[in-house]
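# Commentary on secondary and tertiary structure
Each chain, letter by letter, is given below.
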Amino acid sequence: MSAPQLLVHEKKDTVGVVVVEDLKAGTDMTVVVTADDSSFRLKAAMDVPIGHKIALTDIKNGDTVWKYGQDIGKAVADIKKGEHVHTHNLKTKRW
């Protein structure tokens, strides 16, 4: 298996974290799920900086977003599989 470009912590997560510099749109990423060391492939839909999130599935506006097996907020726009997930389309539920 090649080195992963995206890490996912739990099976129920809906986003993964980019772990390489300069991830470009169209990259066929190796995604590793650390909970069970499984892997799968996912195509990046856009350039995404290291440390930022990518949607693993289509996420609808209002859906809960899961990372590290935890609720990290809600989508405030529709997000397609492979797209960048950040403050422009994800907001905390605290405020």
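Residues numbered from 1 in each chain as written. Predicted model: local features only at pLDDT ≥ 70, side-chain atom pairs only at ≥ 80, totals over all residues. Heavy atoms only, no water.

## Quick notes on the environment of Asp28
- Tracing the backbone through its elements, the reader meets Asp28 in strand 3 (residues 28-33).
- With relative accessibility at 42%, the residue Asp28 sits in the partly exposed group.
- Taking C-alpha positions, Asp28 is 10 Å from Phe40, a pair spaced 12 residues apart along the chain.
- Contacts of Asp28, omitting those with residues within four sequence positions, involve Gln5, Arg41, Leu42 and Lys43. (Helix = DSSP H or I, 4+ residues; strand = E, 2+ residues; numbered from the N terminus. Buried < 20%, exposed > 50% of the residue type's maximum accessible area, 1.4 Å probe, protein only. Contact = heavy atoms within 4.5 Å.)

## Quick look at the sheet that holds strand 3
- The 6 strands are arranged 4-3-1-2-5-8 in an open sheet whose pairing can be described as mixed. Each edge of the open sheet is held by one strand with a lone partner, namely strand 4 (38-43) and strand 8 (84-85).
- By the bridge criterion, 3 bridges tie strand 1 (residues 6-8) to strand 3 in an arrangement that is parallel. Bridge assignment links Leu7 to a residue of strand 3, and that residue is Val32. (Pairing = 2+ DSSP bridges.)

## Examining the side chain of His84
- For His84, the location among the structural elements is in strand 8.
- Judged by its relative accessible area of 12%, His84 is buried.
- Within the structure, the side chain of His84 is placed 2.8 Å from the side chain of His52, a separation counted as a polar contact.
- Apart from residues lying up to four places away in sequence, His84 is in contact with Met46, Val48, Pro49, His52, Lys53, Ile79 and Asn89. (Polar contact = N/O pair within 3.5 Å; in protein donor to acceptor, adjacent residues only side chain to side chain.)

## Regarding the nonpolar core
- Judged by nonpolar contacts, Leu6, Val8, Val18, Leu23, Met29, Val31, Val33, Leu42, Ala44, Val48, Ile54 and Leu56 together constitute the single largest core of 12 residues.
- A total of 3 residues in this core trace back to one element, the largest contributor, which is strand 3.
- What Val18 contacts, discounting residues up to four positions off in sequence, is Gln5, Leu6, Leu23, Val48, Pro49, Ile50, Gly51, His52 and Ile54.
- Of all hydrophobic cores here, the second largest spans 8 residues; its members include Ile59, Ala75, Ile79 and Leu90. (Core = buried A, V, L, I, M, F, W, Y, C linked by side-chain atoms within 4.5 Å.)

## As for the pairing of strand 3
- Of all 6 residues in strand 3, 5 are buried; the element is thus mostly enclosed.
- Two strands pair when backbone bridges link them, and strand 3 and strand 4 are joined in this way by 6 bridges, in the antiparallel orientation. Among the inter-strand pairings, Thr30 is bridged to a residue of strand 4, identified as Arg41.
- Hairpin connection from strand 3 to strand 4: 4 residues lie between these consecutive antiparallel strands, with Asp37 at a positive phi of about 60°.

## Some remarks on the sheet that holds strand 9 (residues 90-91)
- Strand order in this open sheet of 3 strands is 6-7-9, and the pairing throughout is antiparallel. Single-partner strands in this sheet number two, and they are strand 6 (64-67) and strand 9.
- Two elements, strand 7 (residues 70-75) and strand 9, share 2 bridges in a ladder whose sense is antiparallel. What sits directly across from Ala75, in strand 9, is Leu90.

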